[in-house]
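A structural walkthrough
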Amino acid sequence: MTTADSAPGSDFIRKIIVEDLKTNKFGGRVHTRFPPEPNGYLHIGHAKSICLNFGIAEEFGGLCNLRFDDTNPTKEEEEYVESIQEDVHWLGFDWGDRLFYASDYFDQLYEWAVQLIKDGKAYVDSLSAEEIREYRGTLTEPGKNSPYRDRSVEENLDLFERMRAGEFEEGAHVLRAKIDMASPNLNMRDPVMYRILHATHHRTGDQWCIYPTYDWAHGQCDSIEGITHSICTLEFEDHRPLYDWFLDQLGIHHPQQIEFARLNLSYTVLSKRKLLELVEGGYVTGWDDPRMPTLSGLRRRGYPPQAIRNFCERIGVAKTNSIIDISLLEHCVREDLNQRAPRVMAVLRPLKVVIDNYPEDQVEELEAVNNPEDPDMGTRKVPFSRVLYVERDDFREDPPKKWFRLAPGREVRLKHAYYVTCVDVVKDEQTGEVLELHCTYDPETRGGWSEDGRKVRGTLHWVSASHALDAEVRLYDRLFLKANPDEVDEEGADFKANLNPNSLETLTGCKVEPSLADAVPGDRFQFLRLGYFCVDPDSTDGRLVFNRTVPLRDSWAKIEKTLKGR
RNA sequence: UCGGGGGUCGUCUAAUGGUAGGACAAGGGACUUUGGAUCCCUCGGUCGAGGUUCGAGUCCUCGCCCCCGAGCCA
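Structure report, in brief. Note that the structure is a prediction, hence the values are computed from the model and not measured. (Residues numbered from 1 in each chain as written. Chains lettered and ligands numbered in written order. Predicted model: local features only at pLDDT ≥ 70, side-chain atom pairs only at ≥ 80, totals over all residues. Heavy atoms only, no water.)

1. Some thoughts on empty space enclosed by the protein
Think of a ball as big as a water molecule: rolled over the atoms, this probe shows where empty space is left. The full count for this structure, using the stated rule, is 1 cavity of 30 Å³ or more. Space inside the largest cavity adds up to approximately 50 Å³. Surrounding the largest cavity, Y214, D215, H218, G219, H239, L242, Y243 and Q257 form its lining. At the level of elements, helix 7 (214-224) and helix 8 (240-250) are the ones that each hand at least two residues to the lining of the largest cavity. (1 Å grid on protein atoms, 1.4 Å probe; cavity = no way out; pocket = protein on both sides within 12 Å on 5 of 7 lines; lining within 4 Å. Points joined across faces, edges and corners; volume = space filled by probe spheres on them. Helix = DSSP H or I, 4+ residues; strand = E, 2+ residues; numbered from the N terminus.)

Here's what the structure looks like:
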């Protein structure tokens, strides 16, 4: 077999590592890192990177560090570093005692900067930000040297020292690498290494007022930690020559940077900027809104971490820009939950059913399997009585062709219970609305089976009216209407114009079986015939709240669609 | 326009120069005490033009298309 999902380990990055191991490039070591900037919550795109970095370390008997790339105090917050750790752990990965911060290395980075200045490879520039941009040239024209480019080593050292001491305003000076203002790679046109930022850092406080840029920090941090393979996304490809340059000038351990294509998912957005906009604009209830592609949102939605890991394994790793169909993610979720989620019965839109020939005060405890996919999950008792609720959608007064559910005169099976036949329909005289159904049951079919070989095509879920628990159920749908939310018709509109107005439907007065009384937030279930649901943290003692994780495939919807199409 | 990176079924992803395979999606069927799940089948692809070769997705040449890059963001 040569499929992506049956042969994890065949992607181009793992091939490079296998080759490096063969040639003993890093002394047989494999050491990766996941380097998030703590300026937002992790989303499923990060999960791809986490699974890649931690997964590779695991597979090759190596290590993977968690390192916060906290070089910009104006955007980073402690709240994010906490959520990021929680999310990585939730996915099932562990960094042991290797939790690091770029800020751990600020002293070393400063010393190395001084070394580059002494070597004549870095200088303090006093051009304004705007001037620096002008001097940089364009994509097609070379840049020109700053008039400050040839300051003496002594002057550079003095200025840099005073930058650190806080003598200057933000923007007055920057430290730049002295490389080549004519390079066709703009990253090599004397990139900025340090900028003055009079900001309080979430970890170093006011100890520093100059902060290293990503380019100056990243490779050196990798080097300090002994990283062998520094895996990042495609947009850093152009930075690799710079990554290599710094390491070469310093003559320190030189990891290999490898770039791969970031994850894109249909019907969703995966950019921190846009996610932040959804949160701050109140389009969702927060970072953990179950409609968000954030790990905290998916967690609240009920997505199991293993499903996300399986998904990340299946999508593969390559350099091709791609958009993964969200149905693959949903498939992975169903696949996982099908094996593990206990089945229960819940009626979302209740329709009262009276079993006319069932004894008034009788209650039977019927046995129900918890998961037909896994007998070890055992059975439970479900109460059955004279008055029940069934799903409103499961009754049609004028049943169309191929309708095997309830209708006047029709016999159906109540799951785990009895065969019942609809004998009467009570309607509101004014509105015509169906108020309740009257049925008779066949006592010989207890457990849902008939000895006489009689066939019933339809099986319905139900709850006993007097035993059922009330619940609120939140039905989630895709957050966006278009596969590509950025595709907008009107001018001036943006991705928010494609928000799905029906991405959340809240149902109250739902009825669930009494065994759910002990359910706690995070518990996942399959509501028979409906889908997978989990208990939301909004639940209180007397009031259960469920989130729909993902619906079951509804094949009736398909039949109806084709019937209508004719 | 300059530099970098890409282009294989609808969507992803495989294929020492040797039968283009798998997954998801779609369509059909079997089965079923969830119209669920499961199982089976079908549909469907190498960006284009030349060249090398017994043989090219793979090698060469020339095109075409897409993505990234001009933050003191990462």
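2. Some details on the pairing of strand 6 (residues 192-196)
With 3 bridges joining them, strand 5 (residues 174-177) and strand 6 adopt antiparallel strand pairing. Directly across from R176, in strand 6, lies its bridge partner V192. As paired strands, strand 6 and strand 7 (residues 210-212) are joined by 3 bridges and run antiparallel to one another. Bridged to Y194 within strand 7 is P212. (Pairing = 2+ DSSP bridges.)

3. Structural notes on the packing of helix 4 (residues 106-118) against helix 8
Pairs of packed helices are described in terms of their axes, by the angle between the two and the distance that separates them. Two numbers describe how helix 4 lies on helix 8: the axes approach to 10 Å, and their chain directions differ by 80°. Taken together, the axes of helix 4 and helix 8 lie roughly perpendicular to each other. For the pair helix 4 and helix 8, contact is made by W112, Q115 and L116 and by F246, Q249 and L250, respectively. Looking at the contact of helix 4 with helix 8, its residues break down into 4 nonpolar, 2 polar and no charged. (Axes fitted to C-alpha atoms, helices over the stretch in contact; angles between N-to-C directions. Parallel < 35°, antiparallel > 145°, perpendicular 65-115°, else oblique. Contact = heavy atoms within 4.5 Å. Nonpolar A, V, L, I, M, F, W, Y, C, P; charged D, E, K, R; others polar.)

4. Quick word on the layout of surface pockets
The volume enclosed by the second largest pocket comes to roughly 1200 Å³. As for the second largest pocket, its lining consists of 47 residues, and the residues nearest its centre are E37, E235, F236, R262 and K272. Of all the elements in the fold, those that place two or more residues in the lining of the second largest pocket are strand 1 (31-34), helix 2 (44-59), strand 6, helix 7, strand 8 (229-233) and helix 9 (272-280). At 4 residues, helix 2 tops the list of elements feeding residues into the lining of the second largest pocket.

5. Thoughts on the protein's contact with RNA strand B
Around RNA strand B there are 69 residues in total, and F404, G447, Q526, R553 and S555 lie nearest to it. When the atoms of RNA strand B within 4 Å of the protein are sorted by group, sugar and phosphate make up 69%. R136 is positioned with one of its side-chain polar atoms (N or O) 3.1 Å from a phosphate oxygen of RNA strand B. Within the side chain of R343, one N or O atom sits 2.4 Å away from a base oxygen of RNA strand B. When residues of the surface near RNA strand B are traced back to their parent elements, those giving at least two are helix 5 (129-135), strand 6, helix 11 (305-315), helix 12 (326-340) and helix 13 (555-565). Partitioning the surface near RNA strand B into residue classes produces 24 nonpolar, 22 polar and 23 charged. (Near = heavy atom within 4 Å. Polar contact = N/O pair within 3.5 Å; in protein donor to acceptor, adjacent residues only side chain to side chain.)

6. Topic: the sheet that holds strand 23 (residues 524-527)
An order of 10-23-24-25-21-22-11 is seen for the 7 strands of this open sheet, with the pairing classed as mixed. Of all strands in the sheet, those bounded by a partner on one side alone are strand 10 (343-344) and strand 11 (346-347). Taken strand by strand, helix 12 contacts strand 10, strand 23, strand 24 (531-535) and strand 25 (544-551), and its axis lies near 120° from that of strand 25.

7. Focus on the packing of aromatic side chains
This model, assessed by the stated rule, comprises 22 aromatic pairs. Ring-pair connections join several aromatic residues into one group, and the members of that group are F106, Y110, F160, Y194, W208 and Y211. Taking NZ or CZ as reference, R299 lies 5.1 Å from the ring centre of W90, over its face. For the cation-ring pair, R457 lies above F404, with the distance from its terminal atom to the ring centre recorded as 4.3 Å. (Phe/Tyr/Trp six-rings, centres within 6.5 Å; stacked < 30°, edge-to-face > 60°. Lys NZ or Arg CZ within 6 Å of the ring centre and 35° of its normal.)

8. Comments concerning unusual backbone geometry
We note that D190 has phi near 50°; this positive angle belongs to a residue other than glycine. A relative accessible area of 1% means that D190 is categorised as buried. Even without glycine at this site, R529 takes up a positive phi of about 70°. The residue R529 is located in the loop between strand 23 and strand 24 in this model. Of the residues examined, R529 reaches a relative accessible area of 33% and is grouped as partly exposed. (Buried < 20%, exposed > 50% of the residue type's maximum accessible area, 1.4 Å probe, protein only.)

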